[in-house]
Amino acid sequence: MTKTKAWFLAARPKTLSASVVPIVATTGLVAGLGYEIHWWIVVCALLSSFCIQIGTNFVNDAMDFKKGADTETRLGPMRVTQQGHFTFKQVMLFATVFFILAAVFGLPLALHGGLPIIVIGFFSILMGYAYTSGPWPLAYHGLGDLFVILFFGLIAVGGLFYLLTGQYTLEAFIVGLQIGFLSTVLIAINNLRDIHQDKLVHKKTLAVRFGVLGARIWIGFLILIPFFAGYYWLSIHRFWVYIVPLVCFPLGLSIAKKIFRTEPSPVYNRYLALSSVYSLIFSILLAIGFQI
């Protein structure tokens, strides 16, 4: 394998939908509420989000190897540190470069949005590092799911909404919840796949804490709860915002069924890809619903 391909795989491109989903949904929300879309803000937010997620993925690759969570028995996609394609220091350097790029792309946003955006950007980068690194890594204490709900849901949606409108509303909060829960499906499936290996290295993910059945129930909850949160749109008579995303409900239900019927194994990598597609389709349909 070439170094370029190894670097590309380490960035985990299949997971980057988690960065796209809140941008798509928020842009649809803002347009649906009648605000003008400043596309330079959307592009900068997307690039900064991409860089934070890639940086976080690199830190995760390096630190899981260092802590012994990644071994030759790993069920998930290849990790470049564990496979020896790059050293621990090289991968951490890559992570630092992407966190710096995130700050560069975020600078115009900070100048436009002021202190709230500066705080959001700072803590987003800090938590990207702290996800699996530092004195109290979030993923090793069962807080990875909460991290995703907050930073790839509520904060990502709320921050972009604020940048585009200058305010924060209940509508932005509801969309943030819906997107946050959907984005967390990826990490929940990932953690259930790795449950047995994580137990051995005392990585106390929610899957390890809940057990296999509890983790399956949690995944089912994450897949379905966005539709329950969507009842809010019915209450304010935005019926299409609720109805249009229902088109992807069968796909979500299919993923949940597969998780309940299959033991944790490499086949979960396929379910990860499906859940990525599921969240992306949902966000697009949600954005379409706001335009009707």
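Preceding this paragraph is the structure being described.
Quick caveat: nothing in here was measured; it's all calculated off a predicted structure. (Residues numbered from 1 in each chain as written. Predicted model: local features only at pLDDT ≥ 70, side-chain atom pairs only at ≥ 80, totals over all residues. Heavy atoms only, no water.)

Let's talk about the overall build of the protein
Reasoning step 1: Counting secondary structure elements, the protein contains 14 helices and 0 strands.
Reasoning step 2: Element order for the protein, N to C, with α for helix and β for strand: α-α-α-α-α-α-α-α-α-α-α-α-α-α.
Reasoning step 3: Radius of gyration (C-alpha) of the protein: 19 Å, near the 19 Å computed for a compact globule of 292 residues.
Reasoning step 4: Here the C-alpha coordinates of the protein stretch approximately 50 × 45 × 35 Å along the principal axes. (Helix = DSSP H or I, 4+ residues; strand = E, 2+ residues; numbered from the N terminus. Rg over C-alpha atoms; globule rule 2.2 N^0.38 Å.)

Section: helix α5 (residues 88-113)
Reasoning step 1: A rise of 1.5 Å per residue sets the reference length of α5, with its 26 residues, at 38 Å; its end C-alpha atoms lie 36 Å apart and thus fit the reference within 8%.
Reasoning step 2: The sharpest bend along α5 comes to roughly 40 degrees, located at Gly-106, with the proline Pro-108 sitting one to four residues further on.
Reasoning step 3: At its buried positions, α5 is contacted by α1 (3-10), α3 (39-66), α4 (80-83), α6 (115-130) and α7 (144-165).
Reasoning step 4: Two residues or fewer after α5 comes Gly-114, characterised by a positive phi angle close to 80 degrees. (Expected span 1.5 Å × (residues − 1). Bend = angle between axes of the 7 residues up to and from the residue. Contact = heavy atoms within 4.5 Å.)

Looking at the packing of aromatic side chains
Reasoning step 1: Using the criterion set out here, one finds 16 aromatic pairs in the structure.
Reasoning step 2: Pairing Phe-147 with Phe-152 gives two aromatic rings, centres 6.2 Å apart and planes at 70 degrees, and the pair type is edge-to-face. Comparing Phe-147 with Phe-152, the two get one shared label, buried.
Reasoning step 3: Look at Trp-218 and Phe-221: their rings are 5.6 Å apart centre to centre, the planes differ by 15 degrees, and that puts the pair in the stacked class. Here Phe-221 and Trp-218 lie together in helix α10 (residues 206-229), a separation of 3 residues that amounts to about one turn.
Reasoning step 4: The exposure class assigned to Phe-221 is partly exposed, which follows from its relative accessible area of 38%.
Reasoning step 5: Among the aromatic residues, those joined into a ring-pair cluster are Phe-58, Phe-86, Phe-94 and Phe-98. (Phe/Tyr/Trp six-rings, centres within 6.5 Å; stacked < 30°, edge-to-face > 60°. Buried < 20%, exposed > 50% of the residue type's maximum accessible area, 1.4 Å probe, protein only.)

Remarks on the layout of surface pockets
Reasoning step 1: There is about 530 Å³ of room inside the second largest pocket.
Reasoning step 2: In terms of lining, the second largest pocket is formed by 27 residues, of which the most central are Ser-48, Ile-52, Ile-120, Gly-121 and Ser-124.
Reasoning step 3: Looking at the lining of the second largest pocket, the elements with two or more residues in it are α2 (17-32), α3, α5, α6 and α7.
Reasoning step 4: Top contributing element to the lining of the second largest pocket by residue count: α7, with 8 residues.
Reasoning step 5: A per-class count over the lining of the second largest pocket returns 20 nonpolar, 7 polar and no charged. (1 Å grid on protein atoms, 1.4 Å probe; cavity = no way out; pocket = protein on both sides within 12 Å on 5 of 7 lines; lining within 4 Å. Points joined across faces, edges and corners; volume = space filled by probe spheres on them. Nonpolar A, V, L, I, M, F, W, Y, C, P; charged D, E, K, R; others polar.)

Some thoughts on a nonpolar patch on the surface
Reasoning step 1: A cluster of nonpolar side chains, namely Phe-239, Trp-240, Ile-243, Leu-246, Ile-284, Ile-288 and Ile-292, defines an oily patch on the protein surface of about 640 Å² accessible area.
Reasoning step 2: Among the secondary structure elements, those contributing two or more residues to the nonpolar patch are α12 (239-243) and α14 (268-291).
Reasoning step 3: Overall, Ile-243 belongs to the partly exposed group, its relative accessible area being 39%. (Patch = residues over 30% accessible without salt bridge, like charges linked within 9 Å, V, L, I, M, F, W, Y side chains within 5 Å. Areas by Shrake-Rupley, 256 points an atom, 1.4 Å probe, with all protein chains shown as cover. Salt bridge = Lys/Arg side-chain N within 4 Å of Asp/Glu carboxyl O.)

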